[in-house]
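# Structural overview for review
The chain contents come next:
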Amino acid sequence: MGAVAEGGVNLEKFGFMTTKLNDAIGWARKFSIFQYPFVTACCGMEYMATACAHYDVDRFGAGFPRFSPRQADVLFVVGTISQKMAPVLKKIYDQMCEPKWVVAFGVCTCTGGFYDNYATVMGIDHIIPVDVYIPGCPPRPENVLDGLMKLQDKIQNQKQEV
Amino acid sequence: MNLAEKIKQKYSSMVLEATAIAGGDPTIVAKKETIKNLMTALRDDVDFQFNVLMDLFGVDYLFWEEKEKRFEVVYNIYSISKKHRLFVKVPVKETDAALDSVTDVWPAANWFEREVWDMFGIRFNGHPNLKRILMYEEFKGHPLRKDYPYNKRQPLIGPMH
């Protein structure tokens, strides 16, 4: 957003502000993230710590969890996903409306972590596309907020489908 | 005389051996064919009164040369009134991996036996609903068998790409 237009005229003086539509939509979207927490394991405790008053994700406009995927923008996958759970996660993802983003929270969702066995999906990117990976077992709340800010950057800078 | 020896003396036709496991709990090795009769007797006998089935699980001794039979099913039973515990081990052959269900003796055995079927492929005759409990129905094989490759993957829905 530029306050000074081409030609050196200061538009703010006249009560104007110029921007591009793409940037304005990105700005609006990145500060109104309705999240769907798909919590299956111990990372959920860290998710709760992040969501509560000490770290307060509401500062980033992400303080409003929706427990219906149809009303959510960001799918937070928090905790180990087993092969038996995988079709459920896929269905939840398919039910979300565009535009939508996915955050892999914790090392189990990123790569499977130390569950190198018959039961676990080795990273949720085997079944759904992922925008931000937050590793850690579990990640610290600061780490989560860092991931959230990276997601905001991504939302701001992408081409906005309307 | 400890509990395991007492039981062996009383039910000598159904018990092969009286030992103790590492933790010191009395343990008996029982015959597979008569396991249900033995369990019913242990539950109803006034001297023993094993009224709780605390656990039931399988063991795969594939690489143990000293073991004649590949599997063992282990019952962990407890008496609330007598305050004593007993482990009952039943050796099971790979070629005939089936034994009688004890769901009629203790209903708690239902899900434990389903787990042993799911993980080890040991069948329980007379079980009311013997299907997989942890893995999904389409899963092939039994993952806790020692010859199941630990890194084998059977995705329920295919990879994204």
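Residues numbered from 1 in each chain as written. Chains lettered and ligands numbered in written order. Predicted model: local features only at pLDDT ≥ 70, side-chain atom pairs only at ≥ 80, totals over all residues. Heavy atoms only, no water.

For the rest of this paragraph, the subject is the packing of aromatic side chains. A ring pair, where both rings are aromatic, is described by two values, the distance of the centres and the angle of the planes. Scanning all chains against the criterion turns up 12 aromatic pairs over all chains. Measuring from centroid to centroid gives 6.4 Å for Tyr47(A) and Phe105(A), while their planes differ by 75°, and the two rings are edge-to-face. Here Tyr47(A) is found in helix α2 (residues 43–51), whereas its partner Phe105(A) is found in strand β4 (residues 101–105), with 58 residues between them in sequence. The exposure classification of Tyr47(A) matches that of Phe105(A), with both residues buried. An aromatic cluster of at least three residues, connected via ring pairs, comprises Tyr118(A), Tyr136(B), Phe139(B) and Tyr148(B). It is Lys100(A) that lies over the ring of Tyr93(A); its NZ or CZ is 4.1 Å from the centre. (Phe/Tyr/Trp six-rings, centres within 6.5 Å; stacked < 30°, edge-to-face > 60°. Helix = DSSP H or I, 4+ residues; strand = E, 2+ residues; numbered from the N terminus. Buried < 20%, exposed > 50% of the residue type's maximum accessible area, 1.4 Å probe, protein only. Lys NZ or Arg CZ within 6 Å of the ring centre and 35° of its normal.)

The next subject is unusual backbone geometry. A cis amide bond, omega -5°, links Glu98(A) with the succeeding residue Pro99(A). Secondary-structure assignment places Pro99(A) in the loop between α3 (86–95) and β4. Note that the residue after Cys137(A), namely Pro138(A), is joined by a cis bond; omega there is -10°. Assignment of secondary structure puts Pro138(A) in the loop between β5 (132–134) and α5 (141–157). Of note, the phi angle at Asp56(A) is positive, near 60°, even though the residue is not glycine. Topologically, Asp56(A) is positioned in the loop between α2 and β2 (64–65). Under the relative-accessibility criterion, Asp56(A) is labelled partly exposed at 27%. Its identity as a non-glycine residue notwithstanding, Lys83(B) has a phi of 55°, on the positive side. Here Lys83(B) lies in the loop between β4 (71–79) and β5 (84–92).

Next up on the list: helix α1 (residues 3–10) of chain B. Residues and elements named next belong to chain B. For α1, every residue scored as buried is listed here: Leu3, Ala4 and Ile7. Seen end-on, α1 carries its buried residues on one side only, within an arc spanning 100°. Packed against the buried residues of α1 are β1 (15–20), β2 (26–30), α2 (35–44) and β5. (Arc of directions from axis to C-beta. Contact = heavy atoms within 4.5 Å.)

You'll often see interface size given as the accessible area lost when the parts meet. Contacts between the two partners involve 19 residues from chain B and, on the opposite side, 15 residues from chain A. Summed over both partners, the interface of chain B with chain A comes to about 1,300 Å²; 61% of that surface belongs to carbon and sulfur atoms. Linking chain B with chain A are one salt bridge. Taken together, chain B and chain A are joined by four residue pairs in polar contact (both at pLDDT 80 or more). Taken together, the residues that form the side of chain B that touches chain A break down as 15 nonpolar, two polar and two charged. (Buried area = accessible area lost by both parts, 1.4 Å probe. Salt bridge = Lys/Arg side-chain N within 4 Å of Asp/Glu carboxyl O. Polar contact = N/O pair within 3.5 Å; in protein donor to acceptor, adjacent residues only side chain to side chain. Nonpolar A, V, L, I, M, F, W, Y, C, P; charged D, E, K, R; others polar.)

In summary, soluble globular proteins display a tendency toward joint burial of nonpolar side chains. Residue and element names in this part refer to chain B. One finds Ile7, Met39, Leu42, Tyr75 and Val88 to be the most contacted residues of the largest nonpolar core, which totals 41 residues. Elements supplying a minimum of two residues to this core: α1, β2, α2, β3 (52–60), β4, β5 and α3 (109–120). Contacts of Met39, omitting those with residues within four sequence positions, involve Tyr75, Ile77, Val88, Val102, Val105 and Trp106. (Core = buried A, V, L, I, M, F, W, Y, C linked by side-chain atoms within 4.5 Å.)

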